[in-house]
Amino acid sequence: MAAVRDVQITFDCADPGAQSTFWCEVMGYRTDPPPPGFADWDAALDAWGVPQEHRNDRSACGPPEGERGPRMFFQKVPEGKIAKNRVHLDVRAAPGLEGDDRMNALQAEADRLIGLGARVVRRVDSDGRMEAGFIWMEDPEGNEFCLD
C-alpha cells in the first residue's frame with residue numbers, strides 16, 4: 001500500500017500575487033513567510049537578484065501555524081484559461097449545516113467572495129434527498145470552485 005502523501009495545489013495564472021491573496025481569504029490561509037534569514041520577501045528577492053519584472057511570477061500560501069491543509073502554489077503563465085476545469089476545489093463553507101441554514105451560510109460566503117472578485121456561476125439548492133446544495137463559483141481568473 002502506498003504511503004499517505006501531502007499534496008500541493010498548483011494554479012496557472014496571470015497574477016500570482018492577487019490569486020494568492022484571494023485564495024488566502026477563501027481558505028483562511030497565510031502567504032508563505034520569507035525564507036529564514038530574510039526580513040521580508042523583497043529582501044530575499046533582492047539577495048537572489050530577481051529582477052522587478054519577475055517578482056510576481058509565483059506566490060504560495062498555506063494554513064496558519066498548527067493547522068493542516070494543502071499548500072497552494074500560483075505560477076505565472078502566458079496563456080489565459082480557455083476551457084472548463086476538469087478538477088475543481090470544493091470549499092467546505094457550511095460544515096454540519098443542512099437545509100436553509102446551509103444555503104444561507106453558503107450564500108453569505110459567496111457574497112463575501114464576490115466582494116473579493118469571485119463570481120457565481122450557478123446556485124443549486126438542496127432537494128431534501130440526495131443533493132445537499134452548493135454554489136458553483138469562479139475565482140477572479142475564472143478557475144471553478146464550489147462552496148459546499
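Everything below is about the structure shown above.
Let's shift gears to the nonpolar core. Counting residues in hydrophobic clusters, the biggest one holds 22 residues, and the most contacted among them are Trp23, Met72, Met137, Phe145 and Leu147. Among the secondary structure elements, those contributing two or more residues to this core are β1 (8-13), α1 (16-27), β4 (71-76), β5 (89-91), α3 (99-114), β7 (134-138) and β8 (144-147). Apart from the residues lying within four places of it in its own chain, the contact partners of Met137 are Ala110, Leu113, Ile114, Ala118, Arg119, Val120, Val121, Asn143, Glu144, Phe145 and Leu147.

A side chain of one charge can pair with a side chain of the opposite charge when the charged atoms of the two come close. Applying the stated criterion across every chain, the model contains eleven salt bridges. Between Arg71 and Asp32 there is a salt bridge; the shortest N-O distance is 2.8 Å. Of the two residues, Arg71 is situated in strand β4 and Asp32 in the loop between β2 (30-31) and α2 (41-48); the sequence distance between them amounts to 39 residues. Residue Arg71 is classed as partly exposed on the basis of its relative accessible area of 34%. In this structure, Asp125 and Arg123 form a salt bridge, with 2.8 Å as the shortest nitrogen-oxygen distance. Connected via shared salt-bridge partners are Glu25, Glu109 and Arg112.

For the rest of this paragraph, the subject is the side chain of Ser59. Mapped onto the elements, Ser59 comes out in strand β3 (residues 58-62). In terms of polar contacts, Ser59 uses its side chain to reach the side chain of Ser20, at 3.3 Å. Not counting the four nearest positions on each side in its chain, Ser59 is found in contact with Pro16, Gly17, Ser20, Met72, Phe73 and Phe74.

The rules behind each value
- Residues numbered from 1 in each chain as written.
- Predicted model: local features only at pLDDT ≥ 70, side-chain atom pairs only at ≥ 80, totals over all residues.
- Heavy atoms only, no water.
- Core = buried A, V, L, I, M, F, W, Y, C linked by side-chain atoms within 4.5 Å.
- Buried < 20%, exposed > 50% of the residue type's maximum accessible area, 1.4 Å probe, protein only.
- Helix = DSSP H or I, 4+ residues; strand = E, 2+ residues; numbered from the N terminus.
- Contact = heavy atoms within 4.5 Å.
- Salt bridge = Lys/Arg side-chain N within 4 Å of Asp/Glu carboxyl O.
- Polar contact = N/O pair within 3.5 Å; in protein donor to acceptor, adjacent residues only side chain to side chain.

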